[in-house]
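# Topology and contacts: notes
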Amino acid sequence: MMQKESPVLNMAGRTFLITGIADQASLAMSVAQTLEIAGARLVVAGLGRTEHHRNLSEKSTAFLDRTFQGMQEAVQAGLSSDVTSYAVDLSLDASIDDMCKALAHSGVRFDGVLHSVAMDKTIRGGTAVPLLETTREEFLSAMDVSAYSLLALTRSMLSAGLLNKGASIIALSYLGAERVMHHPYRNIGVAKAALERMARELAQELGVSDNIRVNAVRFSPYTGSKAGGAIPGLQEAVERCERESPLGNAKASDLAELCAFLFAAGHGITGQILHVDGGYSIRG
Ligand SMILES: NC(=O)c1ccc[n+]([C@@H]2O[C@H](COP(=O)([O-])OP(=O)(O)OC[C@H]3O[C@@H](n4cnc5c(N)ncnc54)[C@H](O)[C@@H]3O)[C@@H](O)[C@H]2O)c1
């Protein structure tokens, strides 16, 4: 990739763990590229098959392998060649712990983590199940992957000694954590609410113990990614928000710049739910 110079931030000597790259269009990829331009070193953790996956069907095996391969191809094409990547399933503690042990063994330590992961089984085949019809399993799995994973990853990194004092953790979220949107954002909206509440609680605990900051950033609707493209009605939301936001929709690069700021500086900022949405969230 062509390296440009970041106009503002110098991240030389800082290292970040990036989750949630599925392909070139992933929001996490924009954040990763912005961090690299500023001089940061990156490690990437993407969903893939691990020894902790048991009794996988052929379909699940193929899905995990395809997902990890897609991530590796995107990293090769979009980031520098010295980025190392790990396969992990953030819904499996043993998989997270294994990755953290391997990272600790390699001697790397992190100045920040991007949590850019979400999954909701009630969104399928272009429709979304009403909340009332959401099963316990669908509810718990969305909570697990989209919210609890922040806690599980943070805990495992801390206990492996991977997070530097003063590190910064960012979780990506959406206005649908708080509001009933015009498009269905039901089960996943509840999980995002938990994610944001968790970010605040962790900000208190980790700020006191390790001077670590934890923030959540809500972004405009975005259909470019796999996750965004699967949400029914999101294209209409993109159009509505483009029309109604004072600045129009924010771009992935706008999100990346705020994340880079929160990673590099922003030392007095923690426990916040910030919006990069062209101002849509101020509208009634
Ligand atoms: N697309 C939008 O409109 C939008 C808006 C605001 C916030 N967000 C949030 O941004 C984040 C990234 O989404 P995106 O739009 O870039 O889509 P994406 O599909 O590129 O990213 C979602 C990522 O989650 C990963 N993932 C799912 N289950 C996992 C697991 N068990 N373990 C590890 N990784 C797992 C996927 O592999 C993928 O890389 C998500 O948290 C999403 O909710 C998206």
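Residues numbered from 1 in each chain as written. Predicted model: local features only at pLDDT ≥ 70, side-chain atom pairs only at ≥ 80, totals over all residues. Heavy atoms only, no water.

For the protein chain, an unreviewed UniProt entry supplies the name Enoyl-[acyl-carrier-protein] reductase [NADH] and the organism Leptonema illini DSM 21528. Turning to the protein chain, the UniProt annotation filed under Catalytic activity (unreviewed entry) states: "a 2,3-saturated acyl-[ACP] + NAD(+) = a (2E)-enoyl-[ACP] + NADH + H(+)". Recorded under Sequence similarities (unreviewed entry), the UniProt text for the protein chain is reproduced unchanged: "Belongs to the short-chain dehydrogenases/reductases (SDR) family. FabI subfamily." (UniProt positions renumbered as here; feature names shortened; annotations may be inferred.)

Across its full length, the protein chain carries eight helices and nine strands. Computed over C-alpha atoms, the radius of gyration of the protein chain comes to 18 Å, within 12% of the 19 Å expected from 2.2 N^0.38 for 284 residues, which places it in the range of a compact globule. With the C-alpha coordinates aligned to their principal axes, the bounding extent of the protein chain is approximately 50 × 45 × 40 Å. Every one of the 284 residues in the protein chain was classed for burial, and the buried ones make up 50%. Excluding contacts between residues fewer than 6 apart, the proportion of contacts in the protein chain whose partners are at least 24 apart in sequence is 77%. (Helix = DSSP H or I, 4+ residues; strand = E, 2+ residues; numbered from the N terminus. Rg over C-alpha atoms; globule rule 2.2 N^0.38 Å. Buried < 20%, exposed > 50% of the residue type's maximum accessible area, 1.4 Å probe, protein only. Contact = heavy atoms within 4.5 Å.)

By nearness alone, 27 residues border the ligand, and Ser-26, Leu-27, Lys-192, Tyr-222 and Ser-225 come closest of all. Note that an oxygen atom of the ligand is positioned 2.8 Å from one of the side-chain N or O atoms of Lys-192. Between Ser-225 and the ligand, the recorded distance is 2.5 Å, taken from a side-chain N or O atom to an oxygen atom. Protein chains bury 93% of the 820 Å² of accessible surface belonging to the ligand in isolation. Those elements that provide at least two residues to the shell around the ligand are strand S7 (163–173) and helix H6 (226–229). (Near = heavy atom within 4 Å. Polar contact = N/O pair within 3.5 Å; in protein donor to acceptor, adjacent residues only side chain to side chain. Areas by Shrake-Rupley, 256 points an atom, 1.4 Å probe, with all protein chains shown as cover.)

According to the stated counting rule, one finds three aromatic pairs in the structure shown. Between Tyr-174 and Tyr-185, the ring centres sit 4.8 Å apart and the planes meet at 65 degrees, which makes this aromatic pair edge-to-face. Taken together, the residues Tyr-174 in the loop between S7 and helix H5 (187–210) and Tyr-185 in the loop between S7 and H5 connect sequence positions 11 residues apart. (Phe/Tyr/Trp six-rings, centres within 6.5 Å; stacked < 30°, edge-to-face > 60°.)

In this section: the sheet that holds strand S1 (residues 15–19). One open sheet accounts for seven strands, arranged S3-S2-S1-S4-S7-S8-S9; its pairing is parallel. The sheet is open, and its two edges are formed by strand S3 (84–88) and strand S9 (273–276), each paired on a single side. The mean inter-strand angle of the sheet, taken between neighbouring strand axes irrespective of direction, is 20 degrees. Pairing of strand S4 (residues 110–115) with S7 involves five bridges; the strand directions are parallel. When the sheet's bridge partners are listed, Leu-114 is paired in S7 with Ile-170. (Pairing = 2+ DSSP bridges. Axes fitted to C-alpha atoms, helices over the stretch in contact; angles between N-to-C directions.)

Locating Leu-92 in the fold gives a position in the loop between S3 and helix H3 (93–106). Leu-92 sits in the partly exposed class, given a relative accessible area of 24%. The spatial distance from the C-alpha of Leu-92 to the C-alpha of His-53 is 8.4 Å, given a sequence separation of 39 residues. Leave out the neighbours within four places in its chain, and Leu-92 touches His-52 and His-53.

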